[in-house]
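Next come the chains, spelled out residue by residue.
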Amino acid sequence: MEKTASVADTMERRDETGSYLGMSIAMASWAMFFATLFLSYLVLRGRESIWPPAGMPELPLALPLFNTLVLIASSVTLEQGIRAFRGGSLIRYRQKLLLAVVCGMIFLGLQLALWRSVSTIGVLVGSGTLGSVFYTMTGFHAVHVVGGLIALITLVSRAWRGVTPDAGLLRARLIAIFWHFLTVVWVMIFLAIFIL
Amino acid sequence: MRGTIHPAPESFWKKYVFSTDHKVIAKQFLLIGFTFLGLGGLQAMLIRWTLAFPGNDFPLIGRLFYPDSGGVVPPDSYTMLFTMHGTIMIFFAITPLLIGAFGNFLIPLMIGGRDMIFPKLNMLSVWTMFLASAVIFFSFFVPLGAAASGWTAYPTLSTEIGYPGAGQTLWCIAIILAGTSTLMGAINYITTIIRLRAPGMNYFRMPLTIWGLWLTSILNALFVPVIAAGLLLLIMDRSFGTQFFLAGATIPQGAGDPILFQHLFWIFGHPEVYILILPAWGIVSDLLSFFSRKPAFGAKATALCMVTITVLSGVVYGHHMFTTGMSALLTRSFMLLTMLISIPSSIFFLNWLGTLWRGAIRFTTPMLWALGVVVVFGLGGLTGLFLATTSSDIYLHDTAFVVGHFHLTMAASVLFGAFAAIYFWFPKMFGRSMSELWGKTHFALTFPPLLIVFILMLVAGNAGMPRRIYDPSQYDFLKHLIPITRAITYSALVLGAAQFIFLFNFLISLFKGKKAPANPWEVTTLEWSVPSPPPHHNFETIPAVYHGPYEFNRPRVKDKDWLGQHEQEPS
């Protein structure tokens, strides 16, 4: 009897630390992925005597700046929502979570607008290194944002089914880690491509 | 529910196909690894045949592959052969064998866990690998065939201009998928080793096998994303019109940089060779101790040396690029850093010899393969010094010397490590014993030809034989090397034929082998404390661990010369 009891013990145990650890390692991997993109950008940019390269227009600043604020707002509201959830307020969690998702969608919509406006001033995917770097970095980031949004939407559906903090908080926190990661990466892309 | 345990599955599909059991997943990886080892080996034979007898048809089965040329390997197919040989052996044979199969099988069992910490991620990992294998396999059948720009896929050879076929793009996709699979495994392995060690199993009580697999996983987690990003950029260049790696007259508005790809490739590529060899080092360190019946000499130092090498491996990649015109400062820095690796390598190599010194050595089949690794890796390591030194590397770059060197270090050593592991853990995996006699025959017919093949490659390379050449007889300055080339090929054919002994031994033992006891080798680690094969949840109760894995000939232990990690020393 003792032996079966010990099997049941581990079956009940939920290793939250392990989950955070696994997620952190995954984030480290993703950071290396984006770091590689940044490195490529810096190497290509270092080869040019002026930036943007001769004949290329300046990239717009206002739209991406506004979009950066939108994504930061999304991260902040998500964090507020999770705080509320941990405090037991499911209603506030739902509101904040939904707001974070809406901000994420606005971000994606504005990215589409940004690509359109950049292509109209003559920077296309095939327009040398500037176009390559701009579309690839913002594009890969946007693909990840889509993935993050899908994960957030699963949280929304769980929140509406009335999941308790006991069962749902870990999942929400793990997805939030990924979402904040994407915000940080975007801020770095913004600084590197539009400001630097 | 995220637990470390899941109920035993009932249906065939849940049990053998979509299994979350680390032991079943290990066997799935083993199957993938063996399949591609066979394919990669066959390609090696075709390459060697072409080099020694250009224009002659490959005996027996040549017409099957090249009916249009009457069984002769044509030049463009030859390029494809060496590209896919390297790719398949590295990403689809050795990685699934050592990291996929033995990583999965051994980590929970050796640290006293019931399974991996994320079993579903583990299943996803093997199925991503299967998808990657399917992509790389079917890339042979697209128009223009599979990738043919070398396993390093340097632009401009690998761009649309150099190779317009879809095979190259599929190659990139397959490597990214295989990398994703490895990454999922790495996240699982690292977390499992940190979180699921049995009580008392502190880090320095872990077997060195686990150290090797753990450090490999850390390198995988950090550097596989680099090649994934690099290959995604290459796909962007090939399919979406970006210009990261394109330069020259074709690109009017600002140029990309082909050398950038080489940087990205080797930032990953150098850690990759340690990713491949670290598990083998760990396994060999353990087996040498187990079959010398004495503690691994300086086990803690060996572990710390492996940690040092893991760290250093991330900062030496430039030694692959000495001929690209890097700045002299960088060249010298990379040379110095590379040379530094020989210090920890020498320490643990001497520790291996220290383990053997005055041991009561049992020459079992796994031990023979482990000793084989010592010899082969020793040779490979020494030849590395010539390639780390800029002045000699510039002469030896892209010669057969390089091919001989890296086959000794990361191909032969790793393959021998894999064979040692298979012969050693086969009883635990399948509950039956492999034939010792045929295992030793396999070793006797593999080891000498393998040494001849790669030592002669060093010789030929030093005499000026370029790598990746199709027909050496076309060049006057290579004509006198043809006898060496032929000798390599004859040895390689013997080597290849000898592997059938292994295949049959494996298959016959699988079904007809003698039933294996729980601990046939009389060793100390936790996996041998449970029946062979282990039950679904490995351990009925999680064992308590009292000491490290190298307790042999303890004076107070009567009637046996070893003390299991889960056993207390009698007082």
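Note that the structure is a prediction, hence the values are computed from the model and not measured. (Residues numbered from 1 in each chain as written. Chains lettered and ligands numbered in written order. Predicted model: local features only at pLDDT ≥ 70, side-chain atom pairs only at ≥ 80, totals over all residues.)

Trainee: Tell me what's going on with the overall build of chain A, and back it up with residues and numbers.
Mentor: When helices and strands are tallied, chain A shows six helices and zero strands. In chain A, the succession of helices and strands from N to C terminus is α-α-α-α-α-α. A compact globule built from 196 residues should have a C-alpha radius of gyration of about 16 Å, whereas chain A, at 21 Å, is more than 25% larger. Its C-alpha atoms give chain A principal-axis dimensions of roughly 80 × 35 × 20 Å. Across the 196 residues in chain A, those meeting the buried criterion constitute 29%. Within chain A, contacts between residues separated by at least 24 positions form 81% of all contacts whose residues are at least 6 apart in sequence. (Helix = DSSP H or I, 4+ residues; strand = E, 2+ residues; numbered from the N terminus. Rg over C-alpha atoms; globule rule 2.2 N^0.38 Å. Buried ≥ 20, exposed ≤ 12 C-beta atoms within 10 Å, placed from the backbone. Contact = placed C-beta atoms within 7 Å.)

Trainee: An account of the overall build of chain B is needed here, citing residue identities and associated values.
Mentor: The helix and strand tally for chain B stands at 15 helices and zero strands. The C-alpha atoms of chain B give 24 Å as radius of gyration, which agrees with the globular expectation for 571 residues (25 Å, within 12%). Over its C-alpha atoms, taken along the principal directions, chain B stretches across nearly 80 × 55 × 55 Å. When burial is assessed residue by residue, chain B has 56% of its 571 residues classed as buried. At a minimum sequence separation of 6, the contacts of chain B that also span at least 24 residues come to 80%.

Trainee: Lay out unusual backbone geometry with the relevant residues and their values.
Mentor: Omega for the bond connecting A:Trp51 with A:Pro52 falls within 30 degrees of zero, at 0 degrees, which places this linkage in the cis form. In this chain, B:Pro155 is followed by B:Thr156 through a cis amide linkage whose omega measures 5 degrees. Take B:Thr156: it is sitting in the loop between helix 5 (119–138) and helix 6 (166–195). Its identity as a non-glycine residue notwithstanding, B:Arg293 has a phi of 55 degrees, on the positive side. Its location among the elements puts B:Arg293 in the loop between helix 8 (258–292) and helix 9 (299–313). Among the residues examined, B:Arg293 registers 16 C-beta atoms within 10 Å and is labelled partly exposed.

Trainee: I'd love a proper account of the confidence of the model for chain B, names of residues and values included.
Mentor: Should pLDDT be low for a region, the predicted coordinates there are not to be read in detail. For chain B, the average pLDDT comes to 94, and 98% of its residues sit at 70 or higher. Our summary of model confidence lists the complex with pTM equal to 0.94 and ipTM equal to 0.94. (pLDDT = per-residue confidence, 0-100.)

Trainee: Hey, could you go over the packing of helix 8 of chain B against helix 9 of chain B for me, with residue numbers and the actual values?
Mentor: All names here are of chain B. Orientation of helix 8 relative to helix 9, taken along the N-to-C sense of each, is 170 degrees, at an axis distance of 10 Å. The orientation of helix 8 relative to helix 9 falls into the category roughly antiparallel. Touching His 270, Pro 271, Tyr 274, Leu 278, Trp 281 and Ser 285 of helix 8 are Thr 302, Met 306, Ile 309, Thr 310 and Ser 313, all from helix 9. Of the residues assigned to the contact of helix 8 with helix 9, the class counts are six nonpolar, five polar and no charged. (Axes fitted to C-alpha atoms, helices over the stretch in contact; angles between N-to-C directions. Parallel < 35°, antiparallel > 145°, perpendicular 65-115°, else oblique. Nonpolar A, V, L, I, M, F, W, Y, C, P; charged D, E, K, R; others polar.)

Trainee: Please give an account of the nonpolar core that cites residues and values.
Mentor: In this structure, B:Ile94, B:Leu287, B:Val414 and B:Ala420 are the most contacted members of the largest nonpolar core, which totals 218 residues. For this core, the element with the most residues is helix 4 (residues 75–111) of chain B, which contributes 23 residues. (Core = buried A, V, L, I, M, F, W, Y, C linked by C-beta atoms within 7 Å.)

Trainee: Describe helix 6 (residues 165–195) of chain A, naming the residues involved and giving the relevant values.
Mentor: The complete set of buried residues in helix 6 of chain A reads A:Ala172, A:Ala176, A:Trp179, A:Leu182, A:Thr183, A:Val185, A:Trp186 and A:Ile189. Among the structural elements, helix 2 (16–47), helix 3 (62–86) and helix 5 (128–160) of chain A are those in contact with the buried residues of helix 6 of chain A.

Trainee: Describe helix 4 of chain B, with residues and values.
Mentor: Each α-helix winds once per 3.6 residues, and so residues spaced three or four apart point in a common direction. Taking 1.5 Å of rise per residue, 37 residues should cover 54 Å, and helix 4 of chain B covers 50 Å from first to last C-alpha, within 8% of that figure. Residue B:Pro96 marks the point of greatest curvature in helix 4 of chain B, where the axis turns by about 50 degrees. (Expected span 1.5 Å × (residues − 1). Bend = angle between axes of the 7 residues up to and from the residue.)

Trainee: Quick rundown of the interface of chain A and chain B? Include the residues and the values.
Mentor: Across the contact, 38 residues belong to chain A and 38 residues belong to chain B. Every element with two or more residues in the side of chain A that touches chain B is listed here: helix 1 (2–12), helix 2 and helix 5 of chain A. The greatest single-element share of the side of chain A that touches chain B, amounting to 18 residues, is contributed by helix 2 of chain A. Residues that form the side of chain A that touches chain B fall into these classes: 16 nonpolar, 16 polar and six charged.

Trainee: Describe the environment of B:Tyr395, and please don't skip the residues or the numbers.
Mentor: All names here are of chain B. Along the chain, Tyr 395 falls in helix 12 (residues 390–396). Classification of Tyr 395 by C-beta neighbours within 10 Å gives exposed; the count is 12. In this structure the C-alpha to C-alpha distance between Tyr 395 and Thr 323, which are 72 residues apart in sequence, comes to 9.5 Å.

Trainee: Can you explain the environment of B:Ala280? Please cite residues and give values.
Mentor: Residues and elements named next belong to chain B. Looking at where Ala 280 falls in the secondary structure, it is placed in helix 8. Its 27 C-beta neighbours within 10 Å are what place Ala 280 among the buried residues. Taking the C-alpha atoms as reference, Ala 280 lies 9.0 Å from Ala 370; in sequence the two are 90 residues apart. Sequence-distant contacts of Ala 280, that is, excluding residues within four places in its chain, are made with Leu 98, Val 373, Ser 413, Val 414 and Gly 417.

Trainee: With reference to specific residues and values, describe the packing of helix 2 (residues 22–52) of chain B against helix 15 (residues 482–512) of chain B.
Mentor: The geometry of a pair of packed helices is captured by two quantities: the angle between their axes and the separation between those axes. All names here are of chain B. Here helix 2 crosses helix 15 at 155 degrees, and the two axes come no closer than 9 Å. For the element pair helix 2 / helix 15, the angle class is roughly antiparallel. Here the hand of the crossing between helix 2 and helix 15 comes out left-handed. On helix 15, the residues touching Gly 41, Ala 44, Met 45, Arg 48, Trp 49, Leu 51 and Ala 52 of helix 2 are Thr 485, Arg 486, Ile 488, Thr 489, Ala 492, Leu 493, Gly 496 and Gln 499. (Left-handed = near helix turned anticlockwise from the far one by under 90°.)

Trainee: Give me the environment of B:Leu264: which residues, what numbers.
Mentor: Among the structural elements, B:Leu264 can be located in helix 8. Of the residues examined, B:Leu264 has 26 C-beta atoms within 10 Å and is grouped as buried. Spatially, the C-alpha atoms of B:Leu264 and B:Gln499 are 36 Å apart, while their sequence positions differ by 235 residues. Excluding anything up to four places from it in sequence, B:Leu264 contacts A:Thr36, A:Ser40, B:Val226 and B:Gly230.

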